Each structure stands twice: as structure tokens, then as C-alpha cells.
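Letter by letter, the chains look like this.
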Amino acid sequence: MRRSVGRLWDYDMLGGRYEEREFVATGSGSLHAGTVVKVGFRPGLDRSAAVELAARALWEAAEADSATGGPDMIRGIFPIVATITAQGWATVSDDELAERYRSIIEQAGQVVER
């Protein structure tokens, strides 16, 4: 059946397929990331707010879970974050993520390497 909206699916390790409504988090840090998204999500987020929420969720997951990779400010290595709209899929640049993570780190009261 064709719909005029995107659909979101979550797959478990045995291949079970579950359609989600608004968001989903998977992996070992998903409890932490999912909590951040659950608290901050609201329908109609603009691109900036959605990218900020994703970056914050990934940050919190990496802080709480040793198997979740977070940003490496010294080496300039960042998680892959992308946006999906009616116009297509696009990655968020490392430069934009670096600025967002600097802000998150400063809010957390940690030292920022530039």
C-alpha cells in the first residue's frame, strides 16, 4: 500500500520487523539515546532542532554506554547524522556537528579541545 508519508521500521536481532510511529533507537546505548529523544521529541521539529536532539541523544548514549561511540573532538571524528525529507537524504556536515558538540560539551561543563 502506498502512502504519502515516510515509514519507520525497527528490526530486532532475529529479523522481527516492527513499524514505529515517530522515532526509534537501537543498539547498546539505545536506552539512553531513546530517553533523550522521548523527552525532547515533538512533531514538526525543524531541521536544526532535530539535528540538535539527535546529537544530544548520541552524546548521552556515549557518555553512559562504553560500547556507543561518541564524538572525538581532538581527531575531528563524529557520528554520522543525516536528515531525511521529501527532497531526500542528506548527511549533516562534520563542521556543523563539531559546533553542536562544542556547545553540548560546554553545557556539560567539560573542557573543549579546538
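This is a predicted model, so every value here is computed, not measured.

Overview of the layout of surface pockets
Empty space among the atoms can be located by rolling a probe the size of a water molecule over them. Empty space within the largest pocket amounts to approximately 1,400 Å³. Glu22, Phe23, Phe41, Ala50 and Ala82 are the residues nearest the centre of the largest pocket, which is lined by 32 residues in total. At the level of elements, α1 (30–40), α2 (47–64) and β3 (82–85) are the ones that each hand at least two residues to the lining of the largest pocket. Examining the composition of the lining of the largest pocket, we find that seven residues originate from one element, α2, more than from any other.

Overview of the pairing of strand β1 (residues 8–11)
Note: β1 against strand β2 (residues 17–20), four bridges, orientation antiparallel. The residue bridging Asp10 from the neighbouring strand is Tyr18, located in β2.

With respect to the packing of aromatic side chains
Here the structure, examined in full by the defined rule, presents three aromatic pairs. Taken together, a centroid distance of 6.4 Å and an interplanar angle of 40° make the contact between Trp59 and Tyr101 tilted. Of this pair, Trp59 sits in helix α2 while Tyr101 sits in helix α3 (residues 94–107), placing them 42 residues apart in sequence. As far as burial versus exposure is concerned, Trp59 and Tyr101 are alike and both buried. Members of the aromatic cluster, connected to one another through ring pairs, are Trp59, Phe78 and Tyr101. The aromatic ring of Trp9 is capped on one face by Arg17, whose charged end is 4.7 Å from the ring centroid.

Observations regarding the confidence of the model for the protein chain
With 95% of its residues at a pLDDT of 70 or more, the protein chain shows a mean pLDDT of 90. Between the elements of the protein chain, mean pLDDT differs from a low of 89, seen in β1, to a high of 96, seen in α2.

Describing the environment of Val37
Tracing the backbone shows Val37 in helix α1. Residue Val37 is classed as buried on the basis of its relative accessible area, which comes to 17%. When sequence neighbours within four positions are dropped, the list of residues in contact with Val37 reads Phe23, Leu53 and Ala57.

Comments concerning the pattern of salt bridges
Applying the stated rule across the entire model yields seven salt bridges. Put simply, Arg56 and Glu60 hold a salt bridge, and the shortest N to O gap is 3.4 Å. Of this pair, Arg56 and Glu60 both sit in helix α2, four residues apart, roughly one helical turn. Residue Glu60 is classed as partly exposed on the basis of its relative accessible area, which comes to 30%. One salt bridge in this structure joins Arg75 and Asp72, with 2.6 Å as the shortest N-O distance. Taken together, the shared-partner salt bridges connect Arg47, Glu52, Glu96 and Arg100 into one network.

Criteria and cut-off values
Position numbers for residues count from 1 along each chain, tracking the sequence in the order it is written. With the structure being a predicted model, the display of local features is reserved for residues of pLDDT at least 70 and the display and counting of side-chain atom pairs for 80 or more, all residues being used for whole-chain, interface and lining totals. Think of the side-chain values as coming from all heavy atoms in the structure, minus any hydrogens and water. Think of a 1 Å grid over the protein atoms and nothing else: a 1.4 Å probe that fits but is trapped marks a cavity, an open set flanked by protein within 12 Å on at least five of seven lines marks a pocket, and residues with an atom within 4 Å of a point count as lining. Grid points are joined across faces, edges and corners, and a volume is the space filled by probe spheres set on the points. Under the DSSP-based scheme used, a helix requires at least four consecutive residues in state H or I and a strand at least two consecutive residues in state E, with every element numbered from the N terminus. At least two bridges found by DSSP between two strands is the condition for calling them paired. In this analysis, rings of Phe, Tyr and Trp, with Trp reduced to its six-membered ring, are considered paired at centre separations within 6.5 Å, and the interplanar angle assigns stacked below 30 degrees, edge-to-face beyond 60, and tilted for intermediate values. Only protein chains enter the accessibility calculation, which uses a 1.4 Å probe. A residue is then buried if its area is under 20% of the maximum for its type, exposed if over 50%, and partly exposed in between. We call a charge positioned over a ring when the NZ of a Lys or the CZ of an Arg lies within 6 Å of the ring centre and within 35 degrees of the ring normal. pLDDT is defined as a per-residue confidence score from the predictor, taking values between 0 and 100. Contacts between residues were defined by any pair of non-hydrogen atoms, one from each residue, lying within 4.5 Å. By definition here, a salt bridge exists when the distance from a side-chain nitrogen of Lys or Arg to a carboxyl oxygen of Asp or Glu is within 4 Å.

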